[in-house]
Amino acid sequence: AIGAGQFILTLVAFLVLILLILYSEPEVFARVKYSLFIVSVVVLFVAMATVTQKFNHVSIYLVPYVALPILIKNFLNARVALFVHIVTMLIIGFIAPNPFDFTFLQISVGVIALYRLGNHYQRSFLFFTAIIAFVSYAGIFFALSLVKLGGISGFDWTQLLWFLASCVLLLTTYLFIFVFEKIFRFPSDITLFELSDTSRGLLRELSDKAPGTFQHSLQVANFVEVALREIGGNDLLGRIGGLYHDVGKLKNPAFFVENQTFKENPHDKLPP
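Worth saying up front: this structure is predicted, and the values here are computed from it rather than measured.

Enquirer: I keep staring at helix α1 (residues 2–24) and nothing clicks. Help me out?
Expert: Owing to its 3.6 residues per turn, the α-helix aligns residues three or four sequence positions apart on the same side. Counted at 1.5 Å a residue, the expected span for α1 with its 23 residues is 33 Å, and the 33 Å between its end C-alpha atoms agrees. Residues Ala13, Leu17, Ile21 and Ser24 constitute the buried set of α1. Buried-residue contacts for α1 involve α2 (32–52) and α4 (78–93).

Following this line, the structure appears as C-alpha cells:
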C-alpha cells in the first residue's frame, strides 16, 4: 500500500513538472530527445538516492543533488532546471528519512547554486559553486537543527561530512554533462563557450587567413548576442552562429571584398 501511494504521488509530481514546462517553455516538448533527457536525469538522481538507502552506513545526502539543476541548465535553461530540480527533490523526499528537512534543504541549496553559477561557463566557477553549496548546506542544516532541537546540544556534526562529500562529488558535474551530450547529441553551454574561443581552431584560422571576414564575424556575433538577450533567446548559441556564419570564405578569402587589398582584386582577372 505504501509503495502504491508513493507511485501515485510520483506520477502526480511528474504531471506537475510537465504542466510547469508546458506553461512556461512549451518548445521543450517539441523535441522528443529533450523530454527523454529530462526523464533520464530525474530517474538517474532518484535511482542514486534509492541506492544510498540500501546501505545502513551511507547517507542519502551523499548524492550531489546540486549537479541536477546545473546539468539541466547547461542543455536547456535556468527556468526548466529549477522546475526539474524542485520536482525531483519532492519525489526523492518520499524516500528520505526526514522528508521536510531533505526537500527544504536540497531545493534551497539548488536554487542558491543555480543563481551563483549564473551564465558563467568557466570550469573554475563550478569549484566556487561547490564551496557556496557546502556553506549553504551547513547554514541551513544548522538552522533546521536549532528548530528541531532547540539548541546546539545533540547537533549531528557528522552530517557536515556528508555535505562535504556531496560537494566534492559536485565537481564531477562536467562528467555528467559530457556523457549526456554524447548520448543525446546536443551541445551543452560548456561546449558552446569553448567554441567561442577565438584563439584556437577554425576561428584562429579565420583570423589568420581572412582577417576582414573575422572582424565582420565578430561584429555580427555581438549584434546577434545583444538582440537575443533582449528577446530572451539563447544568446550564447546565437553568438556562435555569428562567429561561424562566414567561415566558408576560408576557401578563397581574397575573393571577398573585406579581405582584399588595394593592390589586387582577383575578380579583375576573371571573365564575366
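Anyway, onward from the coordinates.
Enquirer: Looking at this structure, how should I read the packing of helix α11 (residues 211–231) against helix α12 (residues 235–244)?
Expert: Each pair of packed helices gets described by two things: the angle between the helix axes and the distance between those axes. Where α11 meets α12, the closest approach of the two axes is 7 Å, and the angle between their N-to-C directions is 160°. With respect to α12, the element α11 is oriented roughly antiparallel. Crossing angle aside, the handedness with which α11 passes α12 is right-handed. Of the residues in α12, those touching α11 at Ser217, Leu218, Val220, Ala221, Asn222, Val224, Glu225, Leu228 and Arg229 are Asp235, Gly238, Arg239, Gly242 and Leu243. When grouped by side-chain class, the residues that make up the contact of α11 with α12 number 6 nonpolar, 4 polar and 4 charged.

Enquirer: So what exactly am I meant to see when it comes to the pattern of salt bridges here?
Expert: When the charged atoms of two side chains with opposite charge come close together, those side chains can pair. The final tally for this structure, using the stated rule, is 9 salt bridges. With a closest N to O distance of 2.9 Å, Glu258 and Lys249 form a salt bridge. The exposure class of Glu258 is partly exposed, given its relative accessible area of 30%. Classification of Lys249 by relative accessible area gives buried; the value is 15%.

Reading guide: rules and limits
Residues numbered from 1 in each chain as written. Predicted model: local features only at pLDDT ≥ 70, side-chain atom pairs only at ≥ 80, totals over all residues. Heavy atoms only, no water. Helix = DSSP H or I, 4+ residues; strand = E, 2+ residues; numbered from the N terminus. Expected span 1.5 Å × (residues − 1). Buried < 20%, exposed > 50% of the residue type's maximum accessible area, 1.4 Å probe, protein only. Contact = heavy atoms within 4.5 Å. Axes fitted to C-alpha atoms, helices over the stretch in contact; angles between N-to-C directions. Parallel < 35°, antiparallel > 145°, perpendicular 65-115°, else oblique. Left-handed = near helix turned anticlockwise from the far one by under 90°. Nonpolar A, V, L, I, M, F, W, Y, C, P; charged D, E, K, R; others polar. Salt bridge = Lys/Arg side-chain N within 4 Å of Asp/Glu carboxyl O.

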